[in-house]
Amino acid sequence: VLFPAVISALPQHRIRGIELPPAALRAHPSDGVFDVLVVTGSAKRMLPAWSVVPIGTVRKGLLCSPKLAEKLGKGPVSPKALLDVPFLTPVYNLNGQLVASEDDCPLSPSERKSAHEVQTLACALETVADNDFVVFGPVCAARRLIDAGIIVEVPVRGWDVREECVLAVNPDRVLSRVRNTLAEALAARLVQLHP
């Protein structure tokens, strides 16, 4: 959901967008593959040589179809009510191996029922729209589907997961004016997505 803002902010550049779990992005920032990263969580300590600019906050929540939300009942629901609800789990490819990724859900992977694994949040959102599964992820990523009534956010008692979202750029490869343009555009987009 942030990629279109990058393209609009830098119309003279050719942009390549790759969606990876934050842990995978933080693990390989200096390998030369990326010039720009948009990551959640504390990237400052993991990217010491990069220029890091806070661009806002991302709120994560439990997302599912309206049909499943109705079965769960009026919220906020109890975390115990989710113990038998199948979750989609994020997974990514690490050197040919599929590795489960952390989604920062307050209900740990060992406490919840795991259904299927998906590599991208877009795939997870499309899947929960038509099935009785849930996914825990950035609410802003589901904004269009939520606004269209295809997916709903289920409030869960005691859950309020928010993470700082930062823009990190390799200062040897990205000009400061480009970084500033991107930071402004991305911050504005996050405000649109989290009114």
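Structure first, text after, so check above.
Let me begin by describing the structure that accompanies this report. As the structure is a prediction and not an experimental result, all values here were calculated from the model.

1. As for the overall build of the protein
Phase 1 of the analysis: Regarding its fold elements, the protein presents six helices and eight strands.
Phase 2 of the analysis: For the protein, the α and β elements follow one another from N to C terminus as α-α-β-β-α-β-β-β-α-β-α-β-β-α.
Phase 3 of the analysis: For the protein, whose C-alpha radius of gyration is 17 Å, the value lies close to the compact-globule estimate of 16 Å for 195 residues.
Phase 4 of the analysis: Once the C-alpha set of the protein is aligned to its principal axes, its extents read approximately 50 × 35 × 25 Å.
Phase 5 of the analysis: For the protein, the proportion of contacts with a sequence separation of at least 24, taken over those separated by at least 6, is 75%.
Phase 6 of the analysis: Entry remark: accessible area of the protein is about 10,700 Å², with carbon and sulfur atoms responsible for 52%.

2. Side note on the packing of aromatic side chains
Phase 1 of the analysis: Summed over the entire model, instances satisfying the criterion amount to one aromatic pair.
Phase 2 of the analysis: Both rings, one in F136 and one in W159, keep their centres 5.7 Å apart while their planes meet at 85°; by these two values the pair is edge-to-face. Here W159 lies in the loop between β7 (152-154) and β8 (161-169) and F136 lies in strand β6 (residues 135-138), a separation of 23 residues in the sequence.
Phase 3 of the analysis: Directly above the aromatic system of F87 lies the positively charged group of R112, at a separation of 4.8 Å from the ring centroid.

3. Comments concerning the pattern of salt bridges
Phase 1 of the analysis: The full count for this structure, using the stated rule, is eight salt bridges.
Phase 2 of the analysis: Here D147 and R143 are joined by a salt bridge, their closest N and O atoms 3.7 Å apart. Of this pair, D147 and R143 are both found in helix α5 (residues 143-147), four residues apart, which corresponds to roughly one turn of the helix.
Phase 3 of the analysis: Of the residues examined, D147 reaches a relative accessible area of 58% and is grouped as exposed.
Phase 4 of the analysis: The salt bridge involving R162 is made with D160; its shortest N-O contact spans 2.9 Å. The pair formed by R162 and D160 is uniform in burial state, with each residue classed as exposed.
Phase 5 of the analysis: Each of K60, D104 and E163 takes part in one network of salt bridges that share partners.

4. A short note on the pairing of strand β4 (residues 97-100)
Phase 1 of the analysis: Pairing geometry for strand β3 (residues 86-94) and β4, over four bridges, is antiparallel. Within the sheet, the bridge partner assigned to Y92 lies in β4 and is V99.
Phase 2 of the analysis: Where β3 folds back on β4, the antiparallel hairpin that results is connected by two residues, among which N95 adopts a positive phi of roughly 55°.

5. Thoughts on the nonpolar core
Phase 1 of the analysis: If you look at the biggest cluster of nonpolar residues, it comprises 19 residues, and the most contacted ones within it are I55, L167, L182, L186 and L190.
Phase 2 of the analysis: Going through the elements one at a time, α1 (3-9), β2 (51-64), β8 and α6 (176-193) are the ones with two or more residues in this core.
Phase 3 of the analysis: Tallying contributions element by element places α6 first for this core, with six residues.
Phase 4 of the analysis: Core analysis: the next-biggest nonpolar cluster, separate from the first, contains 17 residues, L62, L68, L72 and C105 among them.

6. A short note on α6
Phase 1 of the analysis: Compared with the 26 Å implied by 1.5 Å per residue over 18 residues, the 26 Å span of α6 between its first and last C-alpha is a close match.
Phase 2 of the analysis: Summarising the contacts, the buried residues of α6 are in contact with α1, β1 (36-40), β2, α5 and β8.

7. Examining the sheet that holds strand β5 (residues 113-118)
Each strand in a sheet pairs with another by means of backbone hydrogen bonds, the pair being arranged parallel or else antiparallel.
Phase 1 of the analysis: Strand order in the open sheet formed by three strands is β4-β3-β5, and the pairing between neighbours is mixed. At either margin of the open sheet sits one strand with a lone partner, and together these are β4 and β5. Direction aside, the axes of adjacent strands within the sheet are offset by 40° on average.

8. Topic: helix α4 (residues 121-129)
Along an α-helix, a turn takes 3.6 residues, which lines up residues three or four apart on a common side.
Phase 1 of the analysis: Within the span of α4, buried status applies to L121, A124, L125, V128 and A129. The buried side chains of α4 occupy one side of the element, clustering within an arc of 135° when seen end-on.
Phase 2 of the analysis: Turning to α4, the residues buried within the fold contact β2, β3, β5, β6 and α5.

9. What about the environment of A188?
Phase 1 of the analysis: Mapped onto the fold, A188 is located in helix α6.
Phase 2 of the analysis: Judged by relative accessible area, which is 43%, A188 ranks as partly exposed.

Cut-off values and rules
- Residues numbered from 1 in each chain as written.
- Predicted model: local features only at pLDDT ≥ 70, side-chain atom pairs only at ≥ 80, totals over all residues.
- Heavy atoms only, no water.
- Helix = DSSP H or I, 4+ residues; strand = E, 2+ residues; numbered from the N terminus.
- Rg over C-alpha atoms; globule rule 2.2 N^0.38 Å.
- Contact = heavy atoms within 4.5 Å.
- Areas by Shrake-Rupley, 256 points an atom, 1.4 Å probe, with all protein chains shown as cover.
- Phe/Tyr/Trp six-rings, centres within 6.5 Å; stacked < 30°, edge-to-face > 60°.
- Lys NZ or Arg CZ within 6 Å of the ring centre and 35° of its normal.
- Salt bridge = Lys/Arg side-chain N within 4 Å of Asp/Glu carboxyl O.
- Buried < 20%, exposed > 50% of the residue type's maximum accessible area, 1.4 Å probe, protein only.
- Pairing = 2+ DSSP bridges.
- Core = buried A, V, L, I, M, F, W, Y, C linked by side-chain atoms within 4.5 Å.
- Expected span 1.5 Å × (residues − 1).
- Axes fitted to C-alpha atoms, helices over the stretch in contact; angles between N-to-C directions.
- Arc of directions from axis to C-beta.

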